[in-house]
Each structure stands twice: as C-alpha cells, then as structure tokens.
Amino acid sequence: MNENENRKLAVDFCNVLMEIRSAFHNHQLPFSNIRINSHAFHTLCVLNCFSQQHLTMSALAEKLEVTNQHLSRIINDLENKNYVERVHDKQNRRRVYIKITPLGNQFLEEAGENMIQNVLYTINKITEKDKVRLSEAITILNDIFTKNNQ
C-alpha cells in the first residue's frame, strides 16, 4: 500500500473505533457512584497489570507516558478515593511505590463487568450472521495487533 492508502486505512480504522465507542456509549449501564477520568482508569489498569512489581512514581509515569507532575495529580485523586496507596521504601524513605488497593481492584472488576454488559447489550441486538462476522473480525484484529505488539 502506498502512503495515501495507508492514511485512508488509518482514517477508516479511527472512524470504526469511534462508531464502536458510540454504539456502546449510548447504552451505558450505571455501575458506580464514583467516576474517574480515562487517565485515572488507565493508571489503575497499569497498576493492576504490574501488581507483582514495585512501581515508583517515575517508573509508573514512564509506563503511562505522562509527566511526574501529571501523574502526581492522578495519584492524589485515586488515593482520595482509596483506589491506590503510596508505600514508602523501608531502606530509602524518599522512594515511594504506588500500589493498587483492594478497593481499586474491585472498581476495575466492576468497570470490566459493566463494559461486558454494555457490549452484550449491543451484541444481543445483532443477527447471528453478524455475530459470526464480528467474531471473525475480532480474531483477525487480535492476530494483527498481537503480532505487531511483540
């Protein structure tokens, strides 16, 4: 493909993502009184994925590709909601690790279940033929993006 075709593919892909988001966003089910923004949600997801490691603010900021100052505001907000905690290193009190709390894990589980329910709501409205096509498309997309993210 040439550069123009690549650009058209990128625009089409972005448009499809927006249509998918719109389809699910229009049927959101309530799941929590507490709302968090996408940066805070992404932070919780990363902390959950790396829960077996001790992540400092700097290491977490690097993984999230945000500044330490921006991450500090996110962590303050999440800490106020009891979703994360700061843990000071016993050998070096200046080193602070960020850890997801059980309440933060519970929030992620509820959010995940809410997303699944929203997707199910939409899937239940499509035909069996389209469900098969969707399954095939997901398999193809997963294969493409998994292969290219290694």
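Novice: Could you give an account of a nonpolar patch on the surface, with specific residues and numbers?
Specialist: Taken together, the side chains of Phe-13, Val-16, Leu-17, Ile-20, Ile-140, Leu-141, Ile-144 and Phe-145 present a nonpolar region at the surface, about 660 Å² in accessible area. Breaking the nonpolar patch down by element, the ones donating at least two residues are helix H1 (3-25) and helix H6 (128-148). Relative to the helices and strands, Leu-17 is located in helix H1.

Novice: Any details on the packing of aromatic side chains? Residues and values, ideally.
Specialist: One pass over the structure, following the stated rule, counts two aromatic pairs. Between Phe-13 and Phe-145, the aromatic rings sit 5.6 Å apart at their centres with planes inclined by 40°, giving tilted as the arrangement. Separated by 132 residues along the polypeptide, Phe-13 in helix H1 and Phe-145 in helix H6 bring together distant segments of the chain. Overall, Phe-13 belongs to the partly exposed group, its relative accessible area being 34%. Accessibility expressed as a relative area gives 39% for Phe-145, which makes it partly exposed. The ring of Phe-50 carries the charged tip of Lys-63 above its face, separated from the ring centre by 4.3 Å.

Novice: Account for the packing of helix H2 (residues 38-49) against helix H5 (residues 102-123), with residues named and values stated.
Specialist: Contact geometry for H2 and H5: axes closest at 10 Å, N-to-C directions at 110°. Compared by their axis directions, H2 and H5 come out roughly perpendicular. Relative to H5, the crossing made by H2 is left-handed. Contacts between H2 and H5 involve Phe-41, Leu-44, Cys-45 and Asn-48 from the first element and Asn-105, Phe-107, Leu-108, Ala-111 and Met-115 from the second. Here the contact of H2 with H5 is built from residues that sort into seven nonpolar, two polar and no charged.

Novice: An account of the environment of Ala-59 is requested, with residue identities and associated values reported.
Specialist: The residue Ala-59 is located in helix H3 (residues 57-64) in this model. Sequence separation between Ala-59 and Tyr-97 is 38 residues, and the spatial gap between their C-alpha atoms is 9.3 Å.

Novice: Please provide a residue-by-residue account of the confidence of the model for the protein chain, values included.
Specialist: Scored by pLDDT, the protein chain has a mean of 89; 91% of the residues are at 70 or more. Within the protein chain, the element-level pLDDT minimum falls on H1, averaging 87, and the maximum on helix H4 (residues 68-80), averaging 95.

Calculation criteria
- Residues numbered from 1 in each chain as written.
- Predicted model: local features only at pLDDT ≥ 70, side-chain atom pairs only at ≥ 80, totals over all residues.
- Heavy atoms only, no water.
- Patch = residues over 30% accessible without salt bridge, like charges linked within 9 Å, V, L, I, M, F, W, Y side chains within 5 Å.
- Areas by Shrake-Rupley, 256 points an atom, 1.4 Å probe, with all protein chains shown as cover.
- Salt bridge = Lys/Arg side-chain N within 4 Å of Asp/Glu carboxyl O.
- Helix = DSSP H or I, 4+ residues; strand = E, 2+ residues; numbered from the N terminus.
- Phe/Tyr/Trp six-rings, centres within 6.5 Å; stacked < 30°, edge-to-face > 60°.
- Buried < 20%, exposed > 50% of the residue type's maximum accessible area, 1.4 Å probe, protein only.
- Lys NZ or Arg CZ within 6 Å of the ring centre and 35° of its normal.
- Axes fitted to C-alpha atoms, helices over the stretch in contact; angles between N-to-C directions.
- Parallel < 35°, antiparallel > 145°, perpendicular 65-115°, else oblique.
- Left-handed = near helix turned anticlockwise from the far one by under 90°.
- Contact = heavy atoms within 4.5 Å.
- Nonpolar A, V, L, I, M, F, W, Y, C, P; charged D, E, K, R; others polar.
- pLDDT = per-residue confidence, 0-100.

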